[in-house]
Amino acid sequence: MASLRDAPPPGSSRRASGSSGSSGGHVDLLVGGMTCASCVGRVEKKLNRIDGVTATVNLATASASVDYTGDVGVEDLVRTVQQTGYTAAVSTDASSTAATDDERALAADYRRRLLVAAPLSLLVVALTMLPGVPDTTAVRLTALALATPVVLWAGWPFHRAAALNARHGASTMDTLVSLGTLVAYGWSLVQALTGGMHTYVEVAATVTTFLLLGRWSESRAKQRAGSALRELLALGAHEATLLDEDGAERLVEVGLLRPGMRFLVRPGEQVATDGVVLEGRSGVDESMLTGESVPVDKSPGDEVVGATLNTSGRLVVEVTRVGRDTAVARIADLVRHAQATKAPVQRLADRVSAVFVPVVLGLAVATFAAWALLGDPAGGFTAAVAVLVIACPCALGLATPTALLVGTGRAAQLGIVIREAGVLESTRRIDTIVLDKTGTVTTGVMGVHDVVTHHAEAVRLAGALEASSEHPVGRAVAEYAARTGPQPWQSRPPTVTDFANHEGIGVSGVVDGRRVRVGRAPADVALPSADADGGTRSETLPFALAQAVCSAREAGRTAVLVELDGRPAAVFDVGDTVKATSADAVRRLRGLGLHPILLTGDHTTTARAVAAEVGIDEVIAEVMPADKAATIAGLRAQGRVVAMVGDGVNDAAALVEADLGVAMGTGTAAAIEASDLTLTHGDLRAAADAIELSRRTLRTVRQNLFWAFAYNVVGLPVAALGLLDPMIAGAAMAASSVCVVGNSLRLRRFTPDRRS
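The name given to the protein in an unreviewed UniProt entry is Cation-transporting P-type ATPase B, with the source organism recorded as Nocardioides panacis. Of the comments in the UniProt record for the protein, the one headed Catalytic activity (unreviewed entry) reads "ATP + H2O = ADP + phosphate + H(+)".

Right, here's the structure in full:
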């Protein structure tokens, strides 16, 4: 079976390396200098004006995801962004690290400016607003002198960005901030020098300080918002113990590993990169990939994933994938792709922010003019400054991307990969969830459910005989016998001779001198009738064994009969085993308001037995693989909004047909590529986790957008009416952005419901 690392990320067939060319492709750009939704709108609009270009720009990740065709080259895209007034570079591992360092440096710069601005602003407020301080020219000039470094030096990032945007004929949030503070400062300077009555130096100083505080808090919060993905990318060993052809050990950097090489993983060490176990047995902690803390047993032939932790034994691993082809790197690519997309609900915010700043500038001018006509130009000035300051659309630009950034990052930590932001809308609407049986609800591996014996040695001898068999049923019998019987050191290994495989019937041979036959029970076995004297008799099997055969068949499983020297000795009840977590997963899905349906190609009896065990009422059985998509289409035609969970090639078409496709990451690449959500492990509870977290992320987006819009809808008229002091407006504007990011950060605390 394939796994998540075999499935190419979205657009990978078109992914560009950053070189120009005429064939088109996909490129991720890091965009520097964006501060609000208006910046995002400008960059996105400029890029999308280029023929053959489709671009999505993200404020929270400071990036642009661009698909291009025709004669457009990457250099053209970078040049367009730069001509818009922002910096741009092709996203690579090195540039992403540099961008993260730049973010930290920017936060540090805001902090330095804030540490200067805050105490000076307090002094300005004390000189201009505290009762008992004389309103003299000397006091005004002192306050003005204290405010000068606050407005001009501490507020320089706002003025620089505003000037840069003005050079390109654009206005953004920085335009509003710069205009508001400079106008207040300039007015105060004129008033102080001419002996005027009204000064606003405290407004200029405190607004600058509050906005710096907001930018610093916002910058730190955005770094925390993206921490989940950065932690995922930072996982993994930096060195590996390479095994040469002669078995000599040599410590090398992980980047030097290539497919086909062998490396050693000692207990307590991380697996250096993706590979296959050649030697050794151990438990490997895959919690970083699956969210489950219980180590997974690994033995020769099993795959291991880079960055997972070897907990016990010594393993020799052959390298299969390195670098960007590893499971962790592919998950990171999928997460980044999801973070770069936009939910449909964000489109309204984009349309509003595109015209927001020019409208606010016009409103500020109209506010001042109206107050002046009413005979109070000073009041009009205060109201106009408040309008400029309160209206900054930071919260609108951060509402969706920060929630997506945190939500998709947390999902990745739990082993859930969300492919597109639009998936969030789908999870809200679904009311029916169709579960494939084999490999999804069940393990897809045969196991022994029950054994009834008439001979003490039957299990041991049957297990010894089936140890030579390759049939799934035979392996189940052999594994059960090895697990429950005497350990090798407690008894001598049984001797098997005359082994014969009777295709479609079973196996036979001589074990420790006993003639043993293991195979399917005869089709005509029925419960024996009662004798007149109250005893029981059977033409074929003893009552207990006949009852075991009938019970297995009623449950839709296989009854395996063991004969010793021609006499019936035991019956094994063998069948696909239900995953231990499936019942809890179905309970969780019901709790989310979903109606579960079991879909399978197996017999109805088998399907209903599995459904009853996990708590599913509706079963659609004996469906041919080609008809699964039609079944999903039929459910949708009934008015249901359907999610489909599957893992096989035969599930791919159904996953595409469903309103929401969920692929088990332990399944095939075809199923994974066809899905909207991918679970990196085989625990069905992760499907419930994915739907719940997606819904919660969408709810957070809606909350953010509501408060961002409500803040401006209420704040602007209040400010225009002169009921809002510009200092309070500045504090409220800064707080709005921090609150939006803080609300998104709550998603980091999402914890799945685990009752079993």
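**Student:** Got a minute to help me understand the overall build of the protein in this structure?
**Tutor:** Per the secondary structure count, the protein includes 25 helices and 26 strands. Counted over contacts in the protein with a minimum sequence separation of 6, partners at least 24 positions apart contribute 70%. Here the protein has roughly 32100 Å² of accessible surface; of this, 57% comes from carbon and sulfur atoms.

**Student:** Help me understand the nonpolar core in this model?
**Tutor:** Note on soluble globular proteins: their nonpolar side chains tend to be buried together. Judged by nonpolar contacts, the single largest core of 72 residues is most densely connected at M34, L47, V66 and L77. Apart from residues lying up to four places away in sequence, V66 is in contact with G25, H26, V27, L29, L47, V53, T54, A55 and L77. With 43 residues, the next largest nonpolar core counts A411, L592, L679 and L684 among its residues.

**Student:** What exactly am I supposed to notice about the sheet that holds strand β11 (residues 303–304) here?
**Tutor:** The strands making up a sheet are joined through hydrogen bonds of the backbone, oriented either antiparallel or parallel. Read from one edge of the open sheet, six strands run β6-β5-β7-β13-β8-β11, paired in antiparallel fashion. Two strands close off the open sheet at either side, each with one partner strand: β6 (249–253) and β11. Here strand β5 (residues 239–243) pairs with β6 via five bridges, running antiparallel. The partner of T241 across the bridge, within β6, is L251.

**Student:** For this particular structure, what's the right way to read the pattern of salt bridges?
**Tutor:** Side chains that differ in sign of charge can pair as their charged atoms come close. For the coordinates displayed, the defined rule picks out 22 salt bridges. Between D244 and R250 there is a salt bridge, and its shortest N-O distance comes to 3.3 Å. With a relative accessible area of 42%, R250 lands in the partly exposed category. Where salt bridges share partners, they join D584, R587, D683 and R685 into one cluster.

**Student:** It is not clear to me how the pairing of strand β21 (residues 567–578) should be interpreted in this structure. Could you clarify?
**Tutor:** A regular strand carries its side chains on alternate faces of the sheet. Among the twelve residues of β21, nine are classified as buried, and the element is accordingly described as predominantly covered. By the bridge criterion, eight bridges tie strand β16 (residues 442–453) to β21 in an arrangement that is antiparallel. Residue M446 lies in a different strand from β21, and its bridge partner there is D576. Relative to β21, strand β20 (residues 558–564) is paired through seven bridges, and the arrangement is antiparallel. Paired with V560 across the bridge in β21 is F572.

**Student:** How do you make sense of helix α21 (residues 628–637) when you look at a structure like this?
**Tutor:** By the burial criterion, the buried members of α21 are K628, A629, T631, I632 and L635. Buried residues in α21, looked at end-on, bunch into an arc of 160°, giving them a common side. Where α21 is buried, its residues meet β15 (432–436), β22 (595–599), β23 (618–620), β24 (642–646) and α22 (652–657). Within two residues after α21, G639 carries a phi angle of roughly 95°, on the positive side.

**Student:** Before we go on, may I ask you to explain the sheet that holds strand β1 (residues 25–32) in this structure?
**Tutor:** The antiparallel open sheet is built from four strands, whose spatial order is β2-β3-β1-β4. The sheet is open, and its two borders are formed by β2 (53–58) and β4 (87–90), each paired with just one other strand. Direction aside, neighbouring strands of the sheet carry axes that sit 25° apart on average. Two strands pair when backbone bridges link them, and β1 and β4 are joined in this way by four bridges, in the antiparallel orientation. For G32, the partnering residue across the bridge sits in β4 and is T87. Seen against the sheet, helix α2 (residues 74–84) touches β1, β2, β3 (63–68) and β4 and runs at an angle of roughly 25° to β1.

**Student:** Is there a simple way to think about the UniProt feature "transmembrane region" (unreviewed entry) in the protein in this case?
**Tutor:** Here, UniProt's "transmembrane region" (unreviewed entry) annotation points to residues 114–133, 139–158, 170–190, 196–214, 352–374, 380–406, 704–721 and 727–745. Counted over residues 139–158, helix gives 95% and strand 0%. Its end C-alpha atoms are 28 Å apart. Within residues 170–190, the helical portion is 86% and the strand portion 0%, while the C-alpha atoms at the span's ends are 28 Å from each other.

**Student:** Just to check I follow, could you spell out the pairing of strand β18 (residues 506–511) for this structure?
**Tutor:** Most of β18 sits out of view: six of its six residues are buried. Side chains G506, S508 and V510 project from β18 onto one buried face, and the interleaved V507, G509 and V511 project onto a second face that is buried too. Judged from the five bridges that link them, strand β17 (residues 496–502) and β18 form a sheet pairing that is antiparallel. Looking at the pairing, A500 lines up with S508 of β18. In sequence, β17 turns back onto β18 through a hairpin of three residues, with G504 there showing a positive phi of about 80°. Judged from the six bridges that link them, β18 and strand β19 (residues 514–520) form a sheet pairing that is antiparallel.

**Student:** Could you clarify how one ought to interpret the packing of aromatic side chains in this entry?
**Tutor:** For any two aromatic rings, the description comes down to two numbers: the centre-to-centre distance and the angle of the planes. Applying the stated criterion to the full structure yields two aromatic pairs. A cation over an aromatic ring shows up here: R113 above the ring of W153, its NZ or CZ 4.8 Å from the ring centre.

**Student:** I keep staring at unusual backbone geometry and nothing clicks. Help me out?
**Tutor:** In terms of backbone geometry, most residues other than glycine have negative phi values and most peptide bonds are trans. Residue D512 is not a glycine yet carries a positive backbone phi of 50°. Relative to the assigned elements, D512 resides in the loop between β18 and β19. Of the residues examined, D512 reaches a relative accessible area of 23% and is grouped as partly exposed. Even without a glycine there, the phi angle at E622 is positive, about 55°. With respect to the helices and strands, the residue E622 is situated in the loop between β23 and α21.

**Student:** When you look at the side chain of S744 in this model, what are you seeing that I'm missing?
**Tutor:** Structurally, S744 is set in helix α25 (residues 726–745). Within the structure, the side chain of S744 is placed 3.3 Å from the backbone nitrogen of A403, a separation counted as a polar contact. Here N704 takes part through its side chain, which lies 2.9 Å from a polar atom of the side chain of S744. Those residues in contact with S744 that sit more than four places away from it in its chain are A399, T402, A403, V406, T700 and N704.

Rules used in this analysis
Residues numbered from 1 in each chain as written. Predicted model: local features only at pLDDT ≥ 70, side-chain atom pairs only at ≥ 80, totals over all residues. Heavy atoms only, no water. UniProt positions renumbered as here; feature names shortened; annotations may be inferred. Helix = DSSP H or I, 4+ residues; strand = E, 2+ residues; numbered from the N terminus. Contact = heavy atoms within 4.5 Å. Areas by Shrake-Rupley, 256 points an atom, 1.4 Å probe, with all protein chains shown as cover. Core = buried A, V, L, I, M, F, W, Y, C linked by side-chain atoms within 4.5 Å. Buried < 20%, exposed > 50% of the residue type's maximum accessible area, 1.4 Å probe, protein only. Pairing = 2+ DSSP bridges. Salt bridge = Lys/Arg side-chain N within 4 Å of Asp/Glu carboxyl O. Arc of directions from axis to C-beta. Axes fitted to C-alpha atoms, helices over the stretch in contact; angles between N-to-C directions. Phe/Tyr/Trp six-rings, centres within 6.5 Å; stacked < 30°, edge-to-face > 60°. Lys NZ or Arg CZ within 6 Å of the ring centre and 35° of its normal. Polar contact = N/O pair within 3.5 Å; in protein donor to acceptor, adjacent residues only side chain to side chain.

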